[in-house]
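Structural characterization, general
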Amino acid sequence: MLDFAIYCLTIIAVWSVLGLSLNIQFGLTGLVNFGQVLPFGLGAYAAALAAQAGLPWPAGAALGLVVAVAVSLMVLLPARRLSQDYWALITLGAGELFRLTALNAPSLGGADGLTVPRFADPHLALGAALALMAAAWLVSHRISHSPFGRLLKVLREDEVLAATLGRNPVSYQRTVSIIAWAMAAAGGVLYAHIVGYVSPSSFTVTETFIVWTALILGGPGNNLGVVVGAAAVQLLSVSSRFVASWIDLPADVLANGRLALFGLVLVLMFLFRPQGLVPEKKEVRDAQRR
Amino acid sequence: MKNFLSLAFCSALALAAVQGPARAADPIQIGVIANLTGSAVKTSVQMTRGVELAADAINAAGGIDGRPVKLIVEDSENRAQEALNAANKLYNVDKVPAAIMFGGSGLMIPVAELAKEKGRVLVNTSSSSPKLGNYPGTLFSILPLDDIVGKELGLLIADSGAKTAAIVVPNSTFGLGVAEAAAAAFESKGGKIVKKVAFTEGQPDYRADIQPVVPVKPDVIITAGYGDDSRAMLKAARELGITAKWYAAYPSILELENKAFVEGKLFGVDNGGYAQPAGKAVADKYGAKFNGTADLMAHVYYGYDALMVIAAAIKKAGSAEPAAIAKALPEVVSSYDGATGKIVWDARGQRVSPPIDVIEYKGGDFVTTATRN
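Residues numbered from 1 in each chain as written. Chains lettered and ligands numbered in written order. Predicted model: local features only at pLDDT ≥ 70, side-chain atom pairs only at ≥ 80, totals over all residues. Heavy atoms only, no water.

A closer look at the overall build of chain A
Inclusion rule: Strands here are runs of E lasting at least two residues and helices are runs of H or I lasting at least four, both read from the DSSP assignment and numbered beginning at the N terminus. For the radius of gyration, the atoms used are the C-alpha atoms, and the globule rule reads 2.2 Å times the number of residues raised to 0.38. Only protein chains enter the area calculation, which uses a 1.4 Å probe; residues under 20% of their type maximum are buried, those over 50% are exposed, and those in between are partly exposed. By the convention used here, residues are in contact when the closest approach between their heavy atoms is within 4.5 Å. Per-residue accessibility takes into account occlusion by the displayed protein chains alone, with areas from the Shrake-Rupley method and a 1.4 Å probe.
A tally of helices and strands in chain A yields eleven helices and two strands. N-terminal to C-terminal, the α/β element order of chain A is α-α-α-α-β-α-α-α-α-β-α-α-α. On C-alpha atoms alone, chain A measures out to a radius of gyration of 20 Å, which is about the 19 Å that the 2.2 N^0.38 rule sets for 290 residues. Overall size of chain A, expressed as C-alpha extent along the three principal axes, is 60 × 45 × 35 Å. Taken over 290 residues, chain A has a buried fraction of 53%. Restricting to contacts in chain A with at least 6 residues of sequence separation, those with at least 24 account for 80%. Carbon and sulfur atoms make up 69% of the accessible area of chain A, which totals about 12700 Å².

Things to note about the overall build of chain B
Each helix and strand counted, chain B has 13 helices and 16 strands in total. A globule of 373 residues ought to have a C-alpha radius of gyration of about 21 Å, and chain B, at 21 Å, matches this closely. Projected onto the principal axes, the alpha-carbon positions of chain B cover approximately 65 × 50 × 40 Å. Counting every position in chain B, which comprises 373 residues, the buried fraction comes to 59%. Nonlocal contacts in chain B, meaning residues at least 24 apart in sequence, comprise 67% of its contacts between residues at least 6 apart. Looking at chain B as shown, the accessible area adds up to about 13800 Å², and 55% of this sits on carbon and sulfur atoms.

Here we look at the pairing of strand β6 (residues 164-170) of chain B
All names here are of chain B. Note the threshold: Two strands pair under a simple rule: DSSP has to find at least two bridges between them. We call a crossover right-handed when, viewed with the strands running away from us, the connection from the first strand over the helix to the second turns clockwise.
Among the seven residues of β6, seven are classified as buried, and the element is accordingly described as predominantly covered. Of the two faces of β6, the one lined by Thr-164, Ala-166, Val-168 and Pro-170 and the one lined by Ala-165, Ile-167 and Val-169 are each fully buried. Sheet topology places β6 next to strand β7 (residues 192-199); seven bridges connect them, and they run parallel. Looking at β7, one finds that Thr-164 is bridged to Lys-192. Note that the unit made of β6, helix α6 (residues 173-188) and β7 has a crossover that is right-handed. Note that β6 and strand β8 (residues 220-223) share four bridges and pair parallel. Across the sheet, Ile-167 pairs through a bridge with Ile-222, a residue of β8.

Observations concerning the domain arrangement of chain B
Residue and element names in this part refer to chain B. Quick note on the threshold: Boundaries of every domain are those given by an automatic assignment or by a domain database. In this description, buried area is defined as the sum, over both parts, of the accessible area (probe of 1.4 Å) that is lost when the two are combined. Criterion for a salt bridge: a side-chain nitrogen of Lys or Arg within 4 Å of a carboxyl oxygen of Asp or Glu. Any N or O atom pair separated by 3.5 Å or less is treated as a polar contact, with the protein-specific requirement of one donor-capable and one acceptor-capable atom, and with residues adjacent in sequence counted only for side-chain atom pairs. In this count, Pro and Cys sit with the nonpolar residues alongside Ala, Val, Leu, Ile, Met, Phe, Trp and Tyr, while Asp, Glu, Lys and Arg are called charged and the others, Gly among them, polar.
Under the domain assignment, chain B is made up of domain 1 (28-141 + 275-342) and domain 2 (147-270 + 357-372). The gap between the C-alpha centroids of domain 1 and domain 2 is 29 Å. Contact between domain 1 and domain 2 buries roughly 620 Å² in total, counting both sides, with carbon and sulfur atoms accounting for 59%. Across the contact surface, domain 1 and domain 2 share one salt bridge. For the pair domain 1 and domain 2, the interface holds one residue pair in polar contact (both at pLDDT 80 or more). Within the side of domain 1 that touches domain 2, the residues separate by chemical class into six nonpolar, four polar and one charged.

Some thoughts on the packing of aromatic side chains
Which entries qualify depends on this criterion: Any Phe, Tyr or Trp ring, taking Trp's six-membered ring, that has another such ring centre within 6.5 Å forms a pair; planes under 30 degrees apart are called stacked, those over 60 apart edge-to-face, and the others tilted. The criterion is that NZ of a Lys, or CZ of an Arg, lies within 6 Å of the ring centre and within 35 degrees of the ring normal, and then a charge sits over that ring.
Under the defined criterion, the tally for this structure stands at 19 aromatic pairs over all chains. Chaining the aromatic ring pairs together yields one cluster made of Trp-15, Phe-40, Tyr-45, Phe-98, Tyr-191 and Phe-203 of chain A. Arg-49 of chain B extends its terminal NZ or CZ atom over the ring of Phe-290 of chain B, reaching a point 4.3 Å from the ring centre. Here the basic side chain of Lys-89 of chain B rests over the ring of Phe-242 of chain A, its NZ or CZ set 5.1 Å away from the ring centre.

Some remarks on the interface of chain B and chain A
A common way to state how big an interface is: give the accessible area lost once the parts meet. Listed as interface residues are 44 residues of chain B and, on the opposing side, 47 residues of chain A. Interface area, chain B with chain A, both sides summed: about 4000 Å², of which 61% is carbon and sulfur. In this structure, the connection of chain B to chain A is made through eight salt bridges. Of the charged contacts in the structure, one is a salt bridge between Arg-241 of chain A and Glu-82 of chain B, with a shortest N-O distance of 2.8 Å. Inspection of the region where chain B meets chain A yields 17 residue pairs in polar contact (both at pLDDT 80 or more). Per-element accounting of the side of chain B that touches chain A gives the leading share, ten residues, to helix α3 (residues 80-93) of chain B. Taken together, the residues of the side of chain B that touches chain A sort by class into 20 nonpolar, 13 polar and eleven charged.

Details of the environment of Val-228 of chain A
Residue and element names in this part refer to chain A. Mapping Val-228 onto the fold places it in helix α10 (residues 223-244). Each C-alpha atom, one on Val-228 and one on Asn-23, is 13 Å from the other, the two residues being 205 residues apart in sequence. Residue contacts for Val-228: discarding those within four places in its chain leaves Leu-277 and Val-278.

Quick look at the packing of helix α5 (residues 146-159) of chain B against α6 of chain B
All names here are of chain B. The condition is simple: In this description, a line fitted to the C-alpha atoms serves as the axis of each element, helices being fitted only across the stretch in contact, and the angle between N-to-C directions of two axes falls anywhere from 0 to 180 degrees. An angle counts as roughly parallel when it lies under 35 degrees, as roughly antiparallel when it exceeds 145, as roughly perpendicular when it falls between 65 and 115, and as oblique in every other case. Each helix crossing is assigned a hand: it is left-handed if the near helix lies turned anticlockwise from the far helix by less than a right angle, otherwise right-handed if that turn is clockwise.
Direction vectors running N to C along α5 and α6 enclose 45°, while the axes themselves pass 7 Å from each other. Taken as axis vectors, α5 and α6 run oblique relative to one another. The chirality of how α5 crosses α6 is right-handed. Note on element contacts: α6 touches α5 through Thr-173, Phe-174, Gly-177, Val-178, Ala-181, Ala-182, Ala-185 and Phe-186, opposite Asp-146, Asp-147, Gly-150, Lys-151, Leu-153, Gly-154, Leu-155, Ile-157 and Ala-158. Among the residues forming the contact of α5 with α6, the class breakdown is ten nonpolar, four polar and three charged.

Below is the structure:
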């Protein structure tokens, strides 16, 4: 049981890093990234490729961060002149492009995937995941409580308003993407070493939407909400397995019921608590009273 | 929401608390991981039913040394992350010594990594990636490797007198593995591959992918696949007016889109055990439990054999410890006559030289016309 708890915590921590990264993009800045799995996958594949080449893990981590940042700039390029709705389409496409490339390029392992050295000790994996989550949290916290973060919120609410304040929205979006994608790539590097294997089937659109579910469930714009959301998604997923084992029905019926329950919880959440489990706090600042 | 989470937590803890040390009449728990939701559901459900039939048979005969078998079936949603969640629950909480799994290599290998770390047994009934050979003593395959079935398919095509062949397969480990082995065998007998199409799975229409096959007019088309993809593939070929004969690995797992289109034109090689008495007996049991055999697929036999060899290994070892099972498994399979025929493993626990049936689709059914091996 303890091993299982350690495993669940590790996964929650990794998914939280992904969620925090998405929160900087969507929760703070309003960038709709439907390709969140792309930097995650880039990080994981970089770790795998470095390991295949016999390089130590820091080389893979560095490669993952550099590639993710470079790709984020590349993806941003066509989005520069478009409104944020198009951002969703471009990132969705970019994520799929990466997956299909990995599937069809033999040097990237193809459908067979690549093996990565695993953490020998699950405790070490948990420690690393928690450390990365803490680092991601710190970065997110610093951003959201800085003047920079406040301007991102202005950008989220009204891009034109931000521009009238003499700020260039594109340069802010670029900075946000670089930070957020590097964060997600770091999560990917870690994930590859936890699971011990990467393949295109691990980086589908579904994974992106799991992160989105965690973010929306927890409360976009609130860092604590994201972590709570990631924990809720993972715990719902595993706890429903235990509940299912007490019900005597055919396994395929139970499996579908489990997913239906997951959907029902989401629908009820959106009906009765659309702001998320831990909603974003409204900050009131009175400049004159200070 | 908060209440639900705490309830879930408490329930998980309570479940852990009720597990005590094993007694003689305690059930032996065996895990099953399959894509019960997501894609490739039908095949997974079939495999799971096969395991259930085996469990019924074992328990009806008094269990293994008096201990009944209890299955714990988990859904992988056809996602690597959920497969890992399922496997972690099975190995860490339910403490199963062995799990039987249906899923592609993308799901199977992460689970094999975990099983290896935990020192447990994983029995593969679906994946045929060569990478699975990297887990000797942990992972054992009931499904034969693709290159063996593919080679038989290539030789069959050469024997049919065909001179040219086109390849139309899904871009998966299974599709490419079959295609490469079949092409190599066909070419070694003087055949010529005139076109190679590997389509990306999950699309609604494959006409654009298959179009390049039309102008080269091959004698035969080498294929492999299952589920909705195979249905869409055959539909595209019919609409494009392709008249070549089809040669498939495991033709019975293809979803036929139009029966008249493939009547007398679909051939292939399949595992030859099913037609033997042991396989027939399993089919009868399936018909009795699941209202007829109309939807029966080959995966039932692989699931059945998977649990049967685990049970035989536990009996021989006199213990349900994973290390004992892993040690006894290769010893028991050599004398096991299963629903999929005689099982021969190489040193890595991968199945080699299975009995091969030559299949033809005629009169609306798959008919065995010859046997090899």
